[in-house]
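Structural characterization, general
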Amino acid sequence: TDLFEVEPQDLAAVVAQSKPLAEALERVFGCDGIAVIQLNRAAAGQTVFHYHMHLIPRNAGEPFGIHGKRQAPAERLADQAARLRAVFEPAG
């Protein structure tokens, strides 16, 4: 459910994928940086209770937030997913 319960090998697999995914995000979105956020338990803001890591493209001057206020349109998300799949090269 969170960092306190994740198996070490599963944690290592998530971390190993974060670098190539960050590189794909940078290529697709041309962002200035990547925020890496990981929340554990409700008190820390976790709302989806399985271990996961957020990699959020960031640009200078943008307001910072951990979660979006609303979901983007489905067509936009599908386009972004297709663009990421085209350049993402998983580690290992």
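What counts as what
- Residues numbered from 1 in each chain as written.
- Predicted model: local features only at pLDDT ≥ 70, side-chain atom pairs only at ≥ 80, totals over all residues.
- Heavy atoms only, no water.
- Helix = DSSP H or I, 4+ residues; strand = E, 2+ residues; numbered from the N terminus.
- Buried < 20%, exposed > 50% of the residue type's maximum accessible area, 1.4 Å probe, protein only.
- Contact = heavy atoms within 4.5 Å.
- Lys, Arg positive; Asp, Glu negative; His and termini not counted.
- Charge placed at Lys NZ, Arg CZ, Asp CG, Glu CD.
- Polar contact = N/O pair within 3.5 Å; in protein donor to acceptor, adjacent residues only side chain to side chain.
- Core = buried A, V, L, I, M, F, W, Y, C linked by side-chain atoms within 4.5 Å.
- Axes fitted to C-alpha atoms, helices over the stretch in contact; angles between N-to-C directions.
- Parallel < 35°, antiparallel > 145°, perpendicular 65-115°, else oblique.
- Left-handed = near helix turned anticlockwise from the far one by under 90°.
- Nonpolar A, V, L, I, M, F, W, Y, C, P; charged D, E, K, R; others polar.
- 1 Å grid on protein atoms, 1.4 Å probe; cavity = no way out; pocket = protein on both sides within 12 Å on 5 of 7 lines; lining within 4 Å.
- Points joined across faces, edges and corners; volume = space filled by probe spheres on them.

Some words on the overall build of the protein chain
Along the backbone of the protein chain there are two helices and two strands. Taken from N to C terminus, the helices and strands of the protein chain fall in the order α-β-β-α. Counting every position in the protein chain, which comprises 92 residues, the buried fraction comes to 23%. In the protein chain, once contacts between residues fewer than 6 apart in sequence are set aside, the share between residues at least 24 apart is 64%. Within the protein chain, one finds 9 positive and 11 negative side-chain charges whose respective centroids are separated by 7 Å.

Thoughts on the side chain of Asp 2
As for its placement among the helices and strands, Asp 2 is situated in the segment before helix 1 (8–29). Here the side chain of Asp 2 touches Phe 4 through a polar contact of 2.9 Å, landing on its backbone nitrogen. Excluding residues that lie within four positions of it along the chain, Asp 2 makes contacts with Asn 40, Arg 41, Gln 46 and Tyr 51.

Focus on the nonpolar core
Ranked by size, the top nonpolar core spans six residues in total: Ala 22, Ala 24, Leu 25, Val 28, Leu 55 and Leu 84. Setting aside residues no more than four positions away along its own chain, Ala 24 makes contact with Leu 84, Val 87 and Phe 88.

Notes on the packing of helix 1 against helix 2 (residues 74–87)
In contact at an axis separation of 9 Å, helix 1 and helix 2 are set at 120° when each is read in the N-to-C sense. Classified by the angle their axes make, helix 1 and helix 2 are oblique. When the axes of helix 1 and helix 2 are compared, the crossing they make is right-handed. Each of Ala 24, Leu 25, Arg 27, Val 28 and Phe 29 in helix 1 lies in contact with helix 2, whose residues at this interface are Gln 80, Arg 83, Leu 84 and Val 87. Here the contact of helix 1 with helix 2 is built from residues that sort into six nonpolar, one polar and two charged.

A short note on the layout of surface pockets
A volume near 1000 Å³ is recorded for the largest pocket. Taken together, 24 residues make up the lining of the largest pocket; nearest its centre are Ile 56, Pro 57, Gly 68, Leu 77 and Gln 80. The set of elements that each furnish at least two residues to the lining of the largest pocket consists of helix 1, strand 2 (54–58) and helix 2. The element contributing the most residues to the lining of the largest pocket is strand 2, with five residues. Looking at the lining of the largest pocket residue by residue, the class counts come to 14 nonpolar, six polar and four charged.

Examining the environment of Cys 31
Tracing the chain through its elements places Cys 31 in the loop between helix 1 and strand 1 (33–37). Exposure remark for Cys 31: the relative accessible area of 7% places this residue in the buried category. In the structure, Cys 31 is positioned 27 residues away from Arg 58 in sequence and 5.7 Å away in space, judged by C-alpha atoms. Contacts of Cys 31, omitting those with residues within four sequence positions, involve Leu 25, Glu 26, Pro 57, Arg 58 and Asn 59.

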